[in-house]
Amino acid sequence: MSIPIIVGNWKMHKTIAEAVAFVKALEQRLIPEDRACLAVPFTALRACATHALRSRIGAQNMSDAAQGPFTGEISAPMLLEAGAQFVLLGHSERRHLFAEDEGLIRRKLERAIHQGIQPILCVGELLEQRRAGQTEAVVVRQLESALGELTDPGSLMIAYEPVWAIGTGETASCAQAVEMHQLIRRYLSRWNRPVPILYGGSVRPDNAAALLNESEVNGLLVGGASLELDSFLSIVEQGRRG
Ligand code: 13P
C-alpha cells in the first residue's frame, strides 16, 4: 500500500517564527518515505518553504484572477514565487464563512491548474444536508460544478470533509468515509487517472490509524491536530505502517 498523504491545515494559526520552529523540528523527524504537507498562512509561506526539505508547503486559498485591482487577494504566481506547491480550494470555511460560491471555486480551480499549482479541492455536506438524505447529491454537485468541464485533472487531489466533522470532535465513521470516498472515486473515474482522495474532519492521533487502514482513504487533511508537532507527527507516523 502506498504511503498516505498527510496534509496539515493550520488555518489562521502561527506567526512566521512559530511556523519556522515547527517546520524545522518536523524535518528532523521525517523519513524520506513520508508524504507530509502543511497548508500554512500566506505570511509564513516563504519562510516555511525555505526550511522544508521532505515536507511540502502550500497555501489555504487563492484568487481566481492572475492579477488586478483585488485588494487583499493573493494570486497563484505570488504563491508559487513564495514557495507554495499546492493550494486548498473550496474549504468549507471559505464556502460558508466567506460565501465562496461554486462558480468562484470552479474559476479558482481552473486558475490553479492553468498556473501549475496543485489544487486540493475540498467538498463536504452540512449536518442538515446529511440528515435530509442529501449528502451524495450535495457532494456530486460540488464535484460537478468545480470539475465538470475539466479535461485533464493534472495533479488534482480531493479532500472529503463533512462540515459537521470539522472542529467538532465528531469524526465520520470509517464506513461513512469509505462510502463517500467510493462515490467520489466513481465520479473521478471519468479521467482514468488516479486522483488521491483525503479525509478531513476531527482527525486526531487516536482515530487516524482506523481511517488510514481503509484502502479508500489515500490520506488525511488535519486541522487542529496539526498545530502541535507531536500530534501531527503521530498521524504521519501512523501512515508509515501501511
Ligand atoms: P479539524 O481537524 O480541526 O476538524 O479541521 C479539519 C479541517 O478543516 C481541515 O481542513
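Nothing here was measured: the structure is a model prediction, and the numbers come from that model. (Residues numbered from 1 in each chain as written. Predicted model: local features only at pLDDT ≥ 70, side-chain atom pairs only at ≥ 80, totals over all residues. Heavy atoms only, no water.)

Participant: Which residues make up the pattern of salt bridges, and what are the values?
Facilitator: Tallied over the full model, the rule gives 13 salt bridges. Each of R94, E100 and K108 takes part in a single network of salt bridges with overlapping partners. (Salt bridge = Lys/Arg side-chain N within 4 Å of Asp/Glu carboxyl O.)

Participant: Outline the environment of I113, supporting the account with residue identities and numerical values.
Facilitator: Relative to the helices and strands, I113 resides in helix 5 (residues 102-115). It is 7.2 Å that separates the C-alpha atoms of I113 and G154, two residues lying 41 residues apart in sequence. (Helix = DSSP H or I, 4+ residues; strand = E, 2+ residues; numbered from the N terminus.)

Participant: Just give me the short version of the layout of surface pockets, but keep the residues and values in it.
Facilitator: Here the idea is plain: a probe the size of a water molecule rolls over the atoms and shows the empty space left. Considered as a void within the structure, the largest pocket measures approximately 390 Å³ in volume. Lining the largest pocket are 14 residues, and of these K11, M12, Q60, R94 and F98 lie nearest its centre. Examining the composition of the lining of the largest pocket, we find that 3 residues originate from one element, helix 4 (residues 92-97), more than from any other. For the lining of the largest pocket, a count of residues per class yields 6 nonpolar, 5 polar and 3 charged. (1 Å grid on protein atoms, 1.4 Å probe; cavity = no way out; pocket = protein on both sides within 12 Å on 5 of 7 lines; lining within 4 Å. Points joined across faces, edges and corners; volume = space filled by probe spheres on them. Nonpolar A, V, L, I, M, F, W, Y, C, P; charged D, E, K, R; others polar.)

Participant: So, the site of the ligand: which residues are in play, and what are the values?
Facilitator: Neighbouring the ligand are 13 residues; K11, H91, G167, S202 and G224 lie closest to it. A distance of 2.8 Å separates an oxygen atom of the ligand from a polar atom in the side chain of H91. Taken by itself the ligand offers 310 Å² of open surface, and the protein chains cover 94% of this. Each residue belonging to the shell around the ligand can be placed in one class, and the counts come to 4 nonpolar, 7 polar and 2 charged. (Near = heavy atom within 4 Å. Polar contact = N/O pair within 3.5 Å; in protein donor to acceptor, adjacent residues only side chain to side chain. Areas by Shrake-Rupley, 256 points an atom, 1.4 Å probe, with all protein chains shown as cover.)

Participant: Could you give an account of the packing of helix 5 against helix 7 (residues 135-147), with specific residues and numbers?
Facilitator: The angle between the axes and the distance between the axes are what describe a pair of packed helices. Running from N to C, helix 5 and helix 7 point in directions that differ by 50 degrees, and their axes come no closer than 8 Å. Taken together, the axes of helix 5 and helix 7 are oblique relative to one another. The two elements helix 5 and helix 7 cross, and the hand of that crossing is right-handed. Every residue of helix 7 that contacts helix 5 at E102, R106 and L109 is listed here: R141, Q142, S145, A146 and L147. Classifying every residue of the contact of helix 5 with helix 7 by side-chain character gives 3 nonpolar, 2 polar and 3 charged. (Axes fitted to C-alpha atoms, helices over the stretch in contact; angles between N-to-C directions. Parallel < 35°, antiparallel > 145°, perpendicular 65-115°, else oblique. Left-handed = near helix turned anticlockwise from the far one by under 90°. Contact = heavy atoms within 4.5 Å.)

Participant: So what's going on with the pairing of strand 2 (residues 35-39)? Residues and values would help.
Facilitator: Summarising burial for strand 2: 4 of the 5 residues are buried, a large majority. In this structure, strand 1 (residues 5-9) lies alongside strand 2, joined through 5 bridges in parallel fashion. Across the sheet, I6 pairs through a bridge with A36, a residue of strand 2. With helix 1 (residues 16-29) bridging strand 1 and its parallel neighbour strand 2, the resulting β-α-β unit is right-handed. Alignment of strand 2 against strand 3 (residues 56-59), held across 3 bridges, turns out to be parallel. The residue bridging A39 from the neighbouring strand is G58, located in strand 3. Once you follow strand 2 into helix 2 (residues 45-51) and on to strand 3, the crossover reads as right-handed. (Buried < 20%, exposed > 50% of the residue type's maximum accessible area, 1.4 Å probe, protein only. Pairing = 2+ DSSP bridges. Right-handed = clockwise from strand over helix to strand, strands pointing away.)

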